[in-house]
Amino acid sequence: MHLLEDIRAYKKNDPAARSAIEVMLLYNGLQELGIPCSRSQAAFYLFPDISEFGMDSFAFAELLLEQYGVATVPGVEFGRNGENHLRISYATSYEDCQEGLRRIGQCVRDLRSK
């Protein structure tokens, strides 16, 4: 689907278009923050690489939850190769995705300024 078609369908409350818009928002937003990210073609998840921050995935997920109010899943929960990653769901509203991205961005800026 083309972006303009996605936006028109989103406005008509088409669930497939809504998820396409939400994944683009989060995926592109994480890329703009300088966080490499993988996305699933079959599910509502992103898998950003957090290795830059020198924290294991449990510690990073805990930091996001406790200090920034963003729930993620430590990547290591999906196997040894998932360490240094998080799983982020975009199966929520566009507004929640925007706010979550804003909070993740604040966390990233805070960590980089230390």
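Residues numbered from 1 in each chain as written. Predicted model: local features only at pLDDT ≥ 70, side-chain atom pairs only at ≥ 80, totals over all residues. Heavy atoms only, no water.

(A) Quick peek at empty space enclosed by the protein. Counting across every chain of the model gives one cavity of 30 Å³ or more. Lining the largest cavity, in full, are L30, I35, P48, I50, F60, L64, L86, I88 and I104. Only helix 3 (57–68) and strand 4 (86–89) provide two or more residues apiece to the lining of the largest cavity. Of the residues contributing to the lining of the largest cavity, the split by class is nine nonpolar, no polar and no charged. (1 Å grid on protein atoms, 1.4 Å probe; cavity = no way out; pocket = protein on both sides within 12 Å on 5 of 7 lines; lining within 4 Å. Points joined across faces, edges and corners; volume = space filled by probe spheres on them. Helix = DSSP H or I, 4+ residues; strand = E, 2+ residues; numbered from the N terminus. Nonpolar A, V, L, I, M, F, W, Y, C, P; charged D, E, K, R; others polar.)

(B) Expanded view of the pattern of salt bridges. A full pass over the atoms with the stated rule returns three salt bridges. A salt bridge links R112 to E52, with the shortest nitrogen-to-oxygen separation between them at 2.7 Å. One end of the pair, R112, is in helix 4 (residues 94–112); the other, E52, is in the loop between strand 2 (45–48) and helix 3, with 60 residues separating them in the sequence. Exposure remark for R112: the relative accessible area of 37% places this residue in the partly exposed category. Residue classification places E52 among the partly exposed positions, given a relative accessible area of 45%. For R103, the salt bridge is made with E99, and the minimal N-O distance between the two is 2.9 Å. One end of the pair, R103, and the other, E99, are both in helix 4, four residues apart, so they sit about a helical turn from each other. (Salt bridge = Lys/Arg side-chain N within 4 Å of Asp/Glu carboxyl O. Buried < 20%, exposed > 50% of the residue type's maximum accessible area, 1.4 Å probe, protein only.)

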